[in-house]
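Listed below, chain by chain, are the residues.
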Amino acid sequence: MTQTVAVIDYGMGNLHSVESALREAGASDVVVTADAEAILLADRIVFPGVGAIRDCLAEFRRLGCETTLRLAVDRGTPVLGICVGMQSLMARSDENGGVDCLGFFDGTVTRFPRNHSDTDGTKLKVPHMGWNQVAQSRNHPLWDGIADNAYFYFVHSFFLPAEESDHVAGSFDYGIKGSAAIAKDNVFATQFHPEKSHDNGLKLLANFLRWDGTC
Amino acid sequence: MSLAKRIIPCLDVDQGRVVKGVNFVGIRDAGDPIEIARRYNDAGADEITFLDITASHEQRDTTYRTVEQIASQVFIPLTVGGGVRAVTDIRRLLNAGADKVSINTAAIFNPDLVRESAERFGSQCIVVAMDVKALDDGSGRYELFTHGGRKPTGIEAIEWAQKMADFGAGEILLTSMDRDGTKDGYDLPITRAISDAVDIPVIASGGVGTLDHLVAGFTEGGADAVLAASIFHFGTYTVAEAKAHLAQSGIVVRG
């Protein structure tokens, strides 16, 4: 059975990588689009995002994608949010002076502190950029075959503190414990970039392509 | 658990072929960039940097095509630099599949390019590349150079790094022009000074000859990532050997 994956294209940066990685993970039919009909016809939806959240959400809403995404989530279509895509699903972000987000999950995205340091006093750079381990806080079909504490690629200055959400599916430690992934019903979202996380990331995408949206 | 230190093989690309100079002259051919990038992706490299060292405008289309081809086969972050002059160049490279774009000379002539592109595309994809040389006046100061280390700018390196971080750069790629191609090791004092002076990650570059040089880049230089070309291109060491050596030295790497 051919399954279509829609990657939501709201004009904010490079979707080429997400598309290539989905194909590498086994997707045969990937459409990159903002078109409501195309998105609603798809069997699964990827909501990527890079850059500043205010601009991302403004474009996302201007193109009508918010309504489309709400419909798709209500219908039970499996959805994967990535990076700013994940942050956009939260209630609010402190970025750009404070932005109301889509509110699929409770919780506020916040910035790593200025002069951030580890518990032993080591200076920690921001953005949190590079490969960090993800501790799986619960079982989920998207973690199938991926070792606990596997490395994934992160690049972000804002994050969802782990205690902000009851839906944390995985966490990272960077002086502070942050949400690496959140999950509820048919929505799974990652702060890290699976499309840039080599074998572990491709495995997660392959799991997403098989996922029926239940957990 | 902590953030792994990164190893970044660098592809210096001239007219579609990977080359590596010694002190930026005497170029040797090391092959096809797409093949090499794929090889590093499979070998466990943490990122790949692609520097277009020809970067004449007539040949830019070759670069975009190469970036597209690499990005479709490589599932780790890809940084592209060389000849980036304007916001439109950055947009095109990001659209071609670059995850980060490295800005060097253009940042010096137009620092607002860094601010503007960080605001537009996010700091996470803006790398400022700095080519530095130690001043031989005994001051211990370092100056920024352009044009492959040929033209001095009069700009002091540490102040520049801080300014670029303030302007929204997400990372600094620091190359020592004194060390590049020498295999004598990174210039550790300036690497340490800049890493301490800014809150954004710093990549050490220029001069790697041994695996202990990589270790020193992290321990003494305080770098967040190390960049190397020749030692990997010519098979002196594999990425796996480099990671094993770093791990033995107590440095956290992605296995």
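The structure reproduced in this document is the subject of the present report.

Calculation criteria
Residues numbered from 1 in each chain as written. Chains lettered and ligands numbered in written order. Predicted model: local features only at pLDDT ≥ 70, side-chain atom pairs only at ≥ 80, totals over all residues. Heavy atoms only, no water. Buried < 20%, exposed > 50% of the residue type's maximum accessible area, 1.4 Å probe, protein only. Helix = DSSP H or I, 4+ residues; strand = E, 2+ residues; numbered from the N terminus. Pairing = 2+ DSSP bridges. Contact = heavy atoms within 4.5 Å. Buried area = accessible area lost by both parts, 1.4 Å probe. Salt bridge = Lys/Arg side-chain N within 4 Å of Asp/Glu carboxyl O. Polar contact = N/O pair within 3.5 Å; in protein donor to acceptor, adjacent residues only side chain to side chain. Nonpolar A, V, L, I, M, F, W, Y, C, P; charged D, E, K, R; others polar.

The next thing to look at is the pairing of strand 13 (residues 187-190) of chain A. In regular strands, side chains alternate between the two faces of the sheet. All names here are of chain A. The two faces of strand 13 match: Val187 and Ala189 on one face and Phe188 and Thr190 on the other face are all buried. Here four bridges tie strand 4 (residues 79-82) to strand 13, and the two strands are oriented parallel to one another. Bridge pairing in strand 13 links Ile82 to Thr190. Adjacent in sequence and paired antiparallel, strand 12 (residues 177-184) and strand 13 are bridged by two residues, among which Asp185 carries a positive phi angle near 50°.

To continue, consider the sheet that holds strand 7 (residues 108-111) of chain A. Residues and elements named next belong to chain A. One open sheet accounts for four strands, arranged 6-5-7-10; its pairing is mixed. The open sheet is flanked by strand 6 (99-100) and strand 10 (158-159), the only strands paired with a single partner. Summarising the sheet, strand 7 and strand 10 pair through two bridges and their orientation is antiparallel. Considered in strand 10, the bridge of Thr110 is made with Phe159.

The next subject is the interface of chain A and chain B. Between chain A and chain B, the contact holds 33 residues from the first and 43 residues from the second. The three residues of chain A that bury the most area against chain B are Lys125(A), Met129(A) and Trp131(A), which together make up 23% of that side's buried surface. Seen at the junction of chain A and chain B, the total is four salt bridges. Where chain A touches chain B, the interface holds 15 residue pairs in polar contact (both at pLDDT 80 or more). When residues in the side of chain A that touches chain B are grouped by element, the largest group, seven residues, is from strand 8 (residues 128-136) of chain A. Of the residues in the side of chain A that touches chain B, the class split is 12 nonpolar, 14 polar and seven charged.

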